[in-house]
Amino acid sequence: MSAANTAESADFRGPLDITRAATMVLDAESTVIGWSPAATELLGHRPSDVLGRPLSAFLSVHPIGGAPPAGVPADVSGAAGTAGPGLGPPSLVGSPIHVARARDGRELLVATATCPLPGATAGSGGPGTPDRIMVAAEVGALRDWESRLALLQGLATQSPVGLAIYDTDLRLTWSNTAYEREIGQPLAAFRGMRADELYSEGSFVTAGYPQTLDGVMHQVLDTGEPVLDLHFRGQPPSDPGRDHLWSCAYYRLEDAHGHVFGVCEDAFDITDRYRVQERLTLLVEAGRRIGTVLDVATTAERIAEVAVPDFAGTVRVDVTRAAVTGETAAVGSTADMTLLRVAERPAPGSGAPDPGLLSADPSGAGLPDTGLPGAALGPRDPTAPGGPRGPYPPVVYPPGSPQHRSLSSGGLVLDESTLVVPLRAGGGILGLVTFDRGVSSDASGRALAPDRATTFDNGEVALADELAARTAVCIDNARRYTRERTASLALQRQLLPHHLPPQSAVETAYRYLPADDVTGVGGDWFDVIPLSGTRVGLVVGDVVGHGLQAAATMGRLRTSVRAFAQLDMAPDELLTRLDDLVGQPAEERSDTYDGAVETYDVTTGATCLYAVYDPVSRRCVMARAGHLPPAIVDPGGRVSFPDLPAGPPLGLGGLPFESMEIDLPVGSLLALFTDGLVEARDHDIGQGLDALGGVLGDRSASLEELCDRAVSELVPGGTSADDTALLLVRTRELGPERVADWELTAEPVSVGRARALVTGQLAAWGLEELSFATELVVSELVTNAVRYAGGPLGLRLIRDRTLVCEVADTGHTSPHLRHSAEDDEGGRGLFIVAQLVQRWGTRYTPTGKTIWTEQTLPPAGAG
């Protein structure tokens, strides 16, 4: 049946409507004295069969509550005394449910309603005198009707889609709760208003349709054709001054007789989704337009053209003098660099005031001498967009301004409606891009209402960072040789992580500063690696030398360490494996070139420090390969550098690596760093370590503040002869309320006890939802330990960001996941475990091994 036929055949009367339901007229003694055709259709009894007979002859006297009638499934009629699942209580909306017997012997459930006749008094009428009317309908029909009512109620009160009904004069007659929230007033306040009065300045942006609300609604009323997914842009009364976008649908409303009485509007606010699409479109447009020519000024103009006005009201691009002239990147303090204004949109003076432009005199009079001839500052091609230009004006930003702070820190700065993003490429800063959303004025001087927030959200900050990164690469390509461009692309794949995921075990902060030589990239690196059992791996390393080869080696080592760490290796074993891996490339190249190595192997001699911290035991195990030991600050502020056994640098071999285990109280500070932070030409490592200890001893400062202080005091210029990596870690503890552990004997009875312990603990944590899967996991792991390993057994549950389950035994054989054949009697347990958990693995210990699993917490139990 088509939708049109369904609408035409729809019956808007309720199942118990007297004009539709099976109707019976009863006297005071419940004798049937009237029988409607609908009753004959429902039960099959003709009037001659039932008139004069008692009602109980074909309808149960009492509502259902006993055994289900014959032919009616138990899950429909329910157990004794109750209604079945899906049926509800013995009455539906006050309608008792009875068992009716049809003419053909069938029994069916019917809902009934009784209405006394006017003037009738209970029991006062004689036989044959009408006393009351009973109507009946099948329970299924009544439930369908109530479902429709519930659907309408949900649309009216709970649906996020705004619904409104307009009459044929296009005046609003009804709206749901979502529409009221959008207007910001109750329905009574705006009932009777026209749509164009509520959204006087809005219009449709979808091509091919009228632009006004009146035009679209008139079209729907006239043609009867529904309209779907029209995009309407306007400002809702509840959020004036900010444009929203809705996806709208309109369809004509007709009564049961086909008379048109209005039009219905469905509107869903898609503003956030549209903003995301705008950002993606802007990014695609930037990729299409930025970098098409190897010219610094043109590239700077393109990013301003792309970003204005859709992303910002004003965009200013300042680049260093070295970038304009094609020289190598400047060496020294980035805050003291000479910047030149090479692009700005809109024209100066039309937006927010510019804190950096010294003079607006186009002749350049009064500007400091930049040392650049005018011909060198204009475009080399007179036919380039914009034509010949004079010298670019120099800009100097005062201390404390967002631009000065960005230059000093080397990172982006967000200050109210101003976002400053540095142009970084090749290890140095090439300039700044300033995105400003300050409110501009029209010709009369009135402030213009923005169509978006004046501040930048996180997504927009990331977009600006991406735009600036692309622009910086293109500017760098314009001044570097092809070899330098290729090197920068390769280095992008070896960048350090920009973001460290949050860990329950530790709080982290980090800083990385590149070297100040020509390439600006060295081999320092760091990482924070989540491990099983809520533990965390901390690593910092340094590769000998600078340049593309050192950076590529850094990436190889970092990847190898992550791979080895996921195998839950102890720190000394991990360094041993890494040392073996580092020693292989040199041997392979020696064989390839008949024993002659043409280039210096920067892998050999690399240093590394690896530590593993357990927040449950508060123990930290660490080992180093030729690297500086970490700094440890106890909760009292006392700084120490542990006497960690110094293994040889990687690739040299000959000596073993040794681990040290340290107890770290909660709140201890662990600092891992490279020698570029504490060693410089004007002081030795000892002085640098003392200075670092003085900075870290301040317990009142946050980790980010400590990072900033350490960098500004030990690397005052922001750069040094060697690159610098600093990783600060403040330890945490998983208390007893989040950890439960038990010791079990290696006996079959321990399997049942383990299940009981786990179920009880999950109930105490409010994680009953995970009980079934966890019982299966624990049962399988403990059974394997009992059968194939030895005791005592350890069982531990950890409630962290995930639910961690661990079973420890004295065996050293790791279980393997396999697919069992149909005739195999076993081997399926571990496969089932793998399907139930998020991930699992094996961790070896001095006394045996631990099998661990992780399960995702339900939303209510997260954290």
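You'll find the structure just up there.
My aim in this report is to walk through the structure given alongside it, one point at a time. (Residues numbered from 1 in each chain as written. Predicted model: local features only at pLDDT ≥ 70, side-chain atom pairs only at ≥ 80, totals over all residues. Heavy atoms only, no water.)

Examining helix α22 (residues 749-765)
Every α-helical turn comprises 3.6 residues, leaving residues that sit three or four positions apart pointing alike.
Moving on, step 1. Taking 1.5 Å per residue as the helical rise, α22 with its 17 residues ought to reach 24 Å, and the 25 Å between its terminal C-alpha atoms agrees with that figure.
Moving on, step 2. Every buried residue belonging to α22 is among Ser750, Val751, Ala754, Leu757, Val758, Gln761, Leu762 and Trp765, and all of these are buried. Each buried residue of α22 sits inside an arc of 125° when the element is viewed along its axis, so together they form one side. Exposed and oriented more than 90 degrees from the buried face of α22 are Val749, Ala756 and Ala764.
Moving on, step 3. Against the buried residues of α22 lie β30 (739-744), α23 (771-788), β31 (793-799) and β32 (802-809).
Moving on, step 4. Positive backbone phi, approximately 75°, marks glycine 766, located one or two places after α22. (Helix = DSSP H or I, 4+ residues; strand = E, 2+ residues; numbered from the N terminus. Expected span 1.5 Å × (residues − 1). Buried < 20%, exposed > 50% of the residue type's maximum accessible area, 1.4 Å probe, protein only. Arc of directions from axis to C-beta. Contact = heavy atoms within 4.5 Å.)

Describing the sheet that holds strand β19 (residues 506-513)
Moving on, step 1. Taken in spatial order, the five strands line up as β19-β29-β28-β24-β25 in an open sheet, and their pairing is antiparallel. The strands lining the two open edges of the sheet, one partner per strand, are β19 and β25 (639-640).
Moving on, step 2. Note: β19 against strand β29 (residues 724-731), eight bridges, orientation antiparallel. What sits directly across from leucine 513, in β29, is threonine 724.
Moving on, step 3. The sheet contacts of helix α20 (residues 685-696) involve β24 (631-633), β25, β28 (669-673) and β29, and relative to β28 the element is tilted by about 145°.
Moving on, step 4. The sheet strands contacting helix α21 (residues 703-714) are β19, β28 and β29, and the helix crosses β19 at an angle near 25°. (Pairing = 2+ DSSP bridges. Axes fitted to C-alpha atoms, helices over the stretch in contact; angles between N-to-C directions.)

Some thoughts on the layout of surface pockets
Moving on, step 1. Here the second largest pocket is characterised by a volume of approximately 860 Å³.
Moving on, step 2. Every residue lining the second largest pocket is counted, 38 residues in all, and those nearest its centre are Arg535, Arg843, Tyr844, Thr845 and Pro846.
Moving on, step 3. When grouped by side-chain class, the residues that make up the lining of the second largest pocket number 16 nonpolar, nine polar and 13 charged. (1 Å grid on protein atoms, 1.4 Å probe; cavity = no way out; pocket = protein on both sides within 12 Å on 5 of 7 lines; lining within 4 Å. Points joined across faces, edges and corners; volume = space filled by probe spheres on them. Nonpolar A, V, L, I, M, F, W, Y, C, P; charged D, E, K, R; others polar.)

Examining empty space enclosed by the protein
Moving on, step 1. On inspection of all chains with the given rule, the structure shows two cavities of 30 Å³ or more.
Moving on, step 2. Here the largest cavity is characterised by a volume of approximately 60 Å³.
Moving on, step 3. Contributing to the lining of the largest cavity are Glu182, Tyr199, Leu213, Phe232, Trp246, Cys248, Glu265 and Ala267.
Moving on, step 4. Elements that contribute at least two residues to the lining of the largest cavity include exactly β11 (244-254) and β12 (260-269).
Moving on, step 5. For the lining of the largest cavity, the per-class residue count stands at six nonpolar, no polar and two charged.
Moving on, step 6. What the second largest cavity holds in volume is close to 40 Å³.
Moving on, step 7. If you trace the second largest cavity, you find it lined by Met24, Leu42, Leu43, Phe58, Leu59, Ala100, Val110 and Ala136.

Observations concerning the side chain of glutamate 344
Moving on, step 1. Among the secondary structure elements, glutamate 344 is positioned in strand β14 (residues 339-345).
Moving on, step 2. For glutamate 344, a relative accessible area of 19% gives the class buried.
Moving on, step 3. Within the local environment of glutamate 344, its side chain forms a polar contact with the side chain of arginine 341, the two groups lying 3.3 Å apart.
Moving on, step 4. If we ignore the near neighbours within four places in the chain, the residues touching glutamate 344 are Thr314, Val315 and Arg316. (Polar contact = N/O pair within 3.5 Å; in protein donor to acceptor, adjacent residues only side chain to side chain.)

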